[in-house]
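Okay, here's what each chain looks like letter by letter:
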Amino acid sequence: MHRLIEYLFFLILSCFIYGCMSTPDRQALIPYNDSIQNTVSRLQKINSLDDLRSLPATDFDLAQAVLFINLQTQPDIDVDRYIDYIDNLSAELAYHARNKKSGKEKAALISDFIWEKGFICDQPYWMSFKTNQFYEMWLMDYSNFVALLDTKKGNCMTFSLLYLILAQRVGFPIYGALIPSHIFVRFDDGNYVCNMEPTNNGHFVSDYEYFNTFRSDFDHLAPLNGSFEKKFSVYYLRNLTNKQTLGCFLMNVAMVTINNDNFDDGLRLLLLANQLNPLDPDILNNLGNVLAMKKRYDIALDAYNRQLSATPFKAKAYYNIGAAYKELGNPVQAEHSFKLAVEEKPYTFHDYWSITLAHYELGDYDTALARMDKIVHFDNKHCRAWYYKARVSAQQQDYSKAIDCLSKAVTANPISKRWAVRDNVFIQMIDDPRFRRITEQ
């Protein structure tokens, strides 16, 4: 409520200072609609999923491509209706941009315009979420671009697409840009550059503010330095092509599809996402994980090794490689990869957790438990930390402690009940009424 009041105050203030944007009549928009149609006519269209593989970097109709992808999971949507809506929004934006000369004016205009049209994000979670909590959540359900147009609610992916689609149609130099697990947009005309945070209504955010979010992610992370920042900026905080951004969108759609138990279609979309953006570490990580879930560990290893080359966060990639080798029955290579993981610095919570699991896989239970204790002290609802504490206790035949930790894991996330009943580590506890009570409730 406080944030909403704050937003309303700034909206009212901006109306007094700048005047709210008035909606021009249809006659006034005719030349701008014509201009938009002329621009769109020159852009390549997508007619099949195979067309995605040969897309140019930028000169394709991003709106049509995004809606075509949505059509794969929602075959009954009226694409033409949404294209018309987007074209009309673009024409109106072009009308308001007619007297905007500077990059700063244009950047401010598109954010204000999207706000005025009711696309308001009340929760700028890029600043407020903690990665270890995000690890337990699934915010991808907001990755439906059609739903954004219908409800004006979305996540960083769909809000960024709205900026990019309008920008393409009116000729604004706006690009997608990434930090891990988050996408935003950047205005860059060669003279004026600014980052616009789509989950905070276009608020301008510096590269340093984005980079600095890792410092407060978890209490026990390695400090960031210039050497790491250089590695980080090889891919992150860089302008993406529209093709790369579309790959990120495809990844989100693919993971929603997989999360809805449609593995085959989801994997097909995820492989396409990797072809569109082969450098994205998150796409490679998800691709490896899904292939591993399908027990295609040899192909998963290829994805993980490419992830290792693409990411500055090496610990997670090394752990994933070790886990794949373990499943392939290659304990020597698995141990080697786990040892490489524990030698890495934990720059993010994902790194810290991967190093913790590597200690666990190496049989260094004391170190693994000490790290898990730090995690649950920081976040008492971290399901996986409690679950692995239960595993260690069961392996040490301390079944009462295992029951206690497993109960906390189930409280944090009921999915751990499903894990536990399939986990051979708990085989000696199957008939324990306490175990049955936890896993059956």
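To be clear, the structure that these remarks concern was listed above.
Residues numbered from 1 in each chain as written. Predicted model: local features only at pLDDT ≥ 70, side-chain atom pairs only at ≥ 80, totals over all residues. Heavy atoms only, no water.

Asks: Please clarify how the nonpolar core should be interpreted in this entry.
Replies: Most often, soluble globular proteins have nonpolar side chains that are buried together. Membership of the largest hydrophobic core comes to 137 residues, with the highest contact counts inside it found for Ile110, Phe145 and Leu246. Top element by residues in this core is helix α10 (residues 156–170). It accounts for eleven residues. Those residues in contact with Phe145 that lie beyond four places of it in its chain are Val66, Leu67, Asn70, Ile86, Thr158, Leu161, Leu162, Ile165 and Phe249. (Core = buried A, V, L, I, M, F, W, Y, C linked by side-chain atoms within 4.5 Å. Buried < 20%, exposed > 50% of the residue type's maximum accessible area, 1.4 Å probe, protein only. Helix = DSSP H or I, 4+ residues; strand = E, 2+ residues; numbered from the N terminus. Contact = heavy atoms within 4.5 Å.)

Asks: Whenever I open this one, the environment of Gly202 confuses me. Can you help?
Replies: Within the secondary structure, Gly202 is located in the loop between β3 (193–197) and β4 (203–205). Separated by 109 residues in sequence, Gly202 and Leu93 place their C-alpha atoms 15 Å apart. Each residue touching Gly202, except ones within four places of it in the same chain, is listed here: Ser111, Tyr163, Met196 and Glu197.

Asks: Before we go on, may I ask you to explain unusual backbone geometry in this structure?
Replies: As a rule of thumb, non-glycine residues mostly have phi less than zero, and peptide bonds are mostly trans rather than cis. At Lys295, a residue that is not glycine, the phi angle is positive and equals roughly 65°. One can find Lys295 in the loop between α15 (281–293) and α16 (297–310). Phi at Gln397 is positive, roughly 60°, even though this residue is not glycine. Position of Gln397 among the secondary structure elements: in the loop between α21 (383–395) and α22 (399–412). Overall, the relative accessible area of 60% leaves Gln397 in the exposed class.

Asks: I keep staring at the packing of aromatic side chains and nothing clicks. Help me out?
Replies: Aromatic ring pairs are described here by two measures, namely the spacing of the ring centres and the angle between the planes. Per the counting criterion, the structure on display carries 24 aromatic pairs. An angle of 80° between the planes, with centres 5.2 Å apart, marks the rings of Phe218 and Phe349 as edge-to-face. A residue pair is termed long-range when its members are at least 10 positions apart, and Phe218 in the loop between α11 (207–212) and α12 (226–232) and Phe349 in helix α19 (residues 349–361) qualify at 131 residues. An aromatic cluster is present here, built from Trp353, Tyr360, Tyr365, Tyr387, Tyr388, Trp419, Phe426 and Phe435 joined pairwise through their rings. For the cation-ring pair, Arg81 lies above Tyr82, with the distance from its terminal atom to the ring centre recorded as 4.4 Å. Sitting over the face of the ring of Tyr352, Arg371 holds its NZ or CZ atom 3.9 Å from the ring centroid. (Phe/Tyr/Trp six-rings, centres within 6.5 Å; stacked < 30°, edge-to-face > 60°. Lys NZ or Arg CZ within 6 Å of the ring centre and 35° of its normal.)

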